[in-house]
Amino acid sequence: MTKFYDEVIKVLKQDERFFSKDGVLLKNALYEAAMQMDGSLLKLLMANEVTRNHFFVMVEGIAVFDKVAFGWVISNREFFPDSYTRFKNRIGLTNSNGELISASNDVELVFPYKECVLEGGQTKEDQKRAEIFYNTSLAPDEIDRLFCPKAICSAKRYTASGFIKETKITEDDNLVIKGNNLLALSSIGKKYAGKVRMVYWDVPYNTGSDSFGYNDRFSRSSWLLFIKNRVEKALPMLTSHGGVFLIQCSFHQYSYLKVLLDEVIGNYVMTFNVLVRHPERTLTGDKEFNDVIEYVLVYAKSPGFKMPKREEEKTVDDYQWTVNELTKGTPVTFDGRKGRIFLPSEYELKKADPSDKNFKIVTVRGSIKEKNSSGRFYVKYLQPLENSYPAKTLFKMDGIGDDMYDYRYFYLPPEGNKNGAYLQGMPTSSNVTYKPYPNFLDFVQSYNIVNEEGNVEFRNGKKPEDLLAFLMSIFTVEGDWVLDAFGGSGTTAAVALKMNRHFIICEQMDYIETVTVKRIHGVLQGEENNLLPEYEYDGRGSFVYFELARSNQVFVDRIMESSESELPSILDDMIATGFISCKVNPADIDLSSEDFGALTSDEKKRFLMELLDLNQLYINYCDIEDEDYSVSEEDKTLSRSFYEED
């Protein structure tokens, strides 16, 4: 078998795409190329007798690539066992089946590891919204205390006048939570079950260039798993009465994300197509088309959800037409209702003067959809006459409609049109009209100036405040709760404050205090009064910022910030806590070994990450009395106030 693997490596080395500069095989890149039936890869494999015989099957004289067999080979733990793999194997730190969890690009509803949990969170910041340093999927039987509610600490209450330490959190407090969003959602799920009206997430787009994942990028199946786990934790928090789940993404994962959400949530409502860049912008790099649209998928908690309609006040400007009757017309009766018929030569339809009786034109097709009584009358009595009278024949019928007149005009379709219409005066029952929202939104101008919003720098990550205000105005009312598990620069919270909504946002990145909290506090202090002035925000409200109490997450942060020379002492501290993987015996770990010494600095850090027990990243609330965790009395009181106030 070793000779076979050597032959495969020899073939693959002919394509530099599959190897790093230091000669390391890029298994994920190779796997994805195989799944996409990459022509260059297939030519290489066909040209070699060994790989041709192993990876191709003859079907009626045609060689067919067996990508399943190829995927199994490159995912097998024996394939190209570099020093990192050998070191992990020696101490037993491997997957139970030896496969690459992050390698699969399968996107069926039964994609691999669908029942696993991708425990990962943001641990470093860069301009491309870098995500987790390590992609670790936990199988169900590996999860024991991961989803227990976590202890909380370092709480501060922010108001317009400043902030103070806080030891009590009430059910009406707006929340900003620092910590892994999956575990934060797990912690607050019971307390806020059925209370949230709108979830809005601006998730990492997984474009292939945003560093979402270790080494190269998240494979699609891992990204979907990442989203799936978090949606499942947030969904119970939505109210059954009007609760909606909104997720914004780009074209890169839109179709796959929709399939996932159709299964996990169901109750698909619509997708807003948001124009975020001008169609005539200058192309950059090697892009083959102008990427100017983003998508906001809308799902409802309840299958009975009805999409709201936009309310418009009726004005005289809507009613610009009048009818000049040139004759008395011909009497007609339909089912006892009297009226008159005017041929096209017997009347004029013209723009109205202020002194005229003013009407607006309503197509019958639209009114039928709304089950309008005038539309039903047309379909029942006038539509059968469309071939018996000239185009645009006018019917003046008594006693129909809800407007200021005691009659209604109808006319047959003009030449070349399929639909007739009627003329409606200003309705007397209401001064507003309701229209459906379009699924196309133009926010180019807002995106052009979004970097100036919020008085904080957050490159390539902000969403415009008026976009969030638009969404909140559709799906929420004052006093509703809005949840954002990808808090970023804090746009969702800033808009919620101004629109008098409650909010919960989560963010793991260290910039949460210098960007997210700073921006929201700035709103309280009146720094953004030029944005959304129509809501007349006056500094009302407050929010509480707190952190999930860290356990092994402390080591994650130390590893990320350490130099290579500091890793041995970090490992000693990790072993001393006892919170390392049960798969390994600490006595087997030899950092002075040749294999470990051959690893790169990043590989050594990655190895220490994988030693951690991921069930113990944060301190569980049930363990706050355990002396090993050294939870302060102040934080014990804070945690109890949060979890036991119900």
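Look a little higher up for the structure.
Residues numbered from 1 in each chain as written. Predicted model: local features only at pLDDT ≥ 70, side-chain atom pairs only at ≥ 80, totals over all residues. Heavy atoms only, no water.

Right, let's get into helix α8 (residues 220-234). In this model α8 runs 21 Å from its N-terminal to its C-terminal C-alpha over 15 residues, within 8% of the 21 Å that 1.5 Å per residue would give. The buried fraction of α8 is high, at 13 of 15 residues. (Helix = DSSP H or I, 4+ residues; strand = E, 2+ residues; numbered from the N terminus. Expected span 1.5 Å × (residues − 1). Buried < 20%, exposed > 50% of the residue type's maximum accessible area, 1.4 Å probe, protein only.)

The next point concerns the packing of aromatic side chains. Note on aromatic pairs: each is described by the distance of the centres and the angle between the planes. All chains considered together, the criterion is met by 35 aromatic pairs. Ring geometry for phenylalanine 334 versus phenylalanine 395: centroids 6.3 Å apart, planes at 55°, classification tilted. On the criterion of sequence distance, the pair formed by phenylalanine 334 in strand β14 (residues 330-334) and phenylalanine 395 in strand β18 (residues 394-398) is long-range, its members being 61 residues apart. What makes phenylalanine 334 buried here is its relative accessible area of 11%. Between tyrosine 407 and tyrosine 409, the ring centres sit 5.4 Å apart and the planes meet at 75°, which makes this aromatic pair edge-to-face. This pair shows no difference in class: tyrosine 407 is buried, exactly as tyrosine 409 is. Three or more aromatic residues joined by ring pairs make a cluster, and in this case those are Phe334, Phe377, Tyr378, Tyr381, Tyr389, Phe395, Phe410 and Tyr422. (Phe/Tyr/Trp six-rings, centres within 6.5 Å; stacked < 30°, edge-to-face > 60°.)

Mapped onto the elements of the fold, glutamate 453 is located in the loop between α12 (444-448) and α13 (465-475). Setting aside residues no more than four positions away along its own chain, glutamate 453 makes contact with Lys462, Lys463, Pro464, Glu465, Arg519, Glu528 and Leu531. A polar contact of 3.0 Å, which involves the side chain of glutamate 453, links it to the backbone nitrogen of glutamate 465. (Contact = heavy atoms within 4.5 Å. Polar contact = N/O pair within 3.5 Å; in protein donor to acceptor, adjacent residues only side chain to side chain.)

Turning next to the environment of glycine 71. Positionally, glycine 71 belongs in helix α5 (residues 67-75). In this structure, the C-alpha to C-alpha distance between glycine 71 and lysine 27, residues 44 residues apart in sequence, is 9.8 Å.

On to the nonpolar core, then. Residues Trp201, Phe245 and Met574 are the most contacted members of the largest nonpolar core, which totals 87 residues. Among the elements that take part in this core, α8 stands out by supplying seven residues, more than any other. Among residues more than four places away in sequence, those in contact with tryptophan 201 are Leu185, Arg230, Val231, Ala234, Phe245, Leu246, Ile247, Gln248, Leu483, Asp484, Ala485 and Phe486. (Core = buried A, V, L, I, M, F, W, Y, C linked by side-chain atoms within 4.5 Å.)

Time to look at the sheet that holds strand β9 (residues 244-249). Strand pairing in a sheet relies on backbone hydrogen bonds, with the paired strands running either antiparallel or parallel. Read across the sheet, 11 strands follow the order β6-β5-β25-β7-β24-β23-β8-β9-β11-β10-β22 without closing on themselves; strand pairing throughout is mixed. If you trace the sheet from one side to the other, it starts and ends with β6 (162-165) and β22 (440-442), each paired once. Neighbouring strand axes in the sheet, compared pairwise and without regard to direction, differ in orientation by 20° on average. Sheet topology places strand β23 (residues 481-484) next to strand β24 (residues 502-507); four bridges connect them, and they run parallel. Looking at the pairing, tryptophan 481 lines up with histidine 502 of β24. The sheet strands contacting helix α15 (residues 513-524) are β5 (152-159), β6, β7 (174-178), β24 and β25 (543-548), and the helix crosses β25 at an angle near 165°. (Pairing = 2+ DSSP bridges. Axes fitted to C-alpha atoms, helices over the stretch in contact; angles between N-to-C directions.)

What the rule picks out here adds up to 25 salt bridges. For aspartate 38, the salt bridge identified is with arginine 17, shortest N-O distance 2.7 Å. Residue aspartate 38 is found in the loop between α2 (27-35) and α3 (39-47), and its partner arginine 17 is found in the loop between α1 (2-12) and α2; the two are separated by 21 residues along the sequence. A relative accessible area of 38% means that arginine 17 is categorised as partly exposed. With its nearest N and O atoms 2.4 Å apart, the salt bridge here joins lysine 604 to glutamate 564. With lysine 604 in helix α19 (residues 601-611) and glutamate 564 in the loop between α16 (553-561) and α17 (567-577), the pair connects residues that are 40 residues apart, well separated along the chain. For lysine 604, a relative accessible area of 7% gives the class buried. Here glutamate 564 falls in the partly exposed class, since its relative accessible area comes to 36%. Connected via shared salt-bridge partners are Glu625, Glu633, Lys636 and Arg640. (Salt bridge = Lys/Arg side-chain N within 4 Å of Asp/Glu carboxyl O.)

Before going further, it helps to examine the side chain of lysine 462. Within the secondary structure, lysine 462 sits in the loop between α12 and α13. Glutamate 457 is the oppositely charged side chain nearest to the buried, salt-bridge-free lysine 462, at an N-O distance of 6.2 Å. For lysine 462, the side chain forms a polar contact with the main-chain oxygen of valine 456, separated by 2.7 Å. Lysine 462 has contacts with Tyr447, Val450, Asn451, Glu453, Val456, Ser489 and Arg519, leaving out every residue within four places of it along the chain. (Lys, Arg positive; Asp, Glu negative; His and termini not counted.)

Next up on the list: helix α7 (residues 181-188). Along α7, eight of the eight residues are buried, which leaves the element largely enclosed by surrounding structure. For α7, every residue scored as buried is listed here: Asn181, Leu182, Leu183, Ala184, Leu185, Ser186, Ser187 and Ile188. Looking at where α7 begins, the residue whose side-chain oxygen comes 2.9 Å from the main-chain nitrogen of leucine 182 is asparagine 180.

Before going further, it helps to examine the packing of α17 against α19. Orientation of α17 relative to α19, taken along the N-to-C sense of each, is 5°, at an axis distance of 11 Å. On the basis of their axis angle, the class for α17 and α19 is roughly parallel. Contact residues: Leu567, Ile570, Leu571 and Met574 in α17; Lys604, Lys605, Leu608 and Leu611 in α19. A class-by-class count of the residues in the contact of α17 with α19 yields six nonpolar, no polar and two charged. (Parallel < 35°, antiparallel > 145°, perpendicular 65-115°, else oblique. Nonpolar A, V, L, I, M, F, W, Y, C, P; charged D, E, K, R; others polar.)

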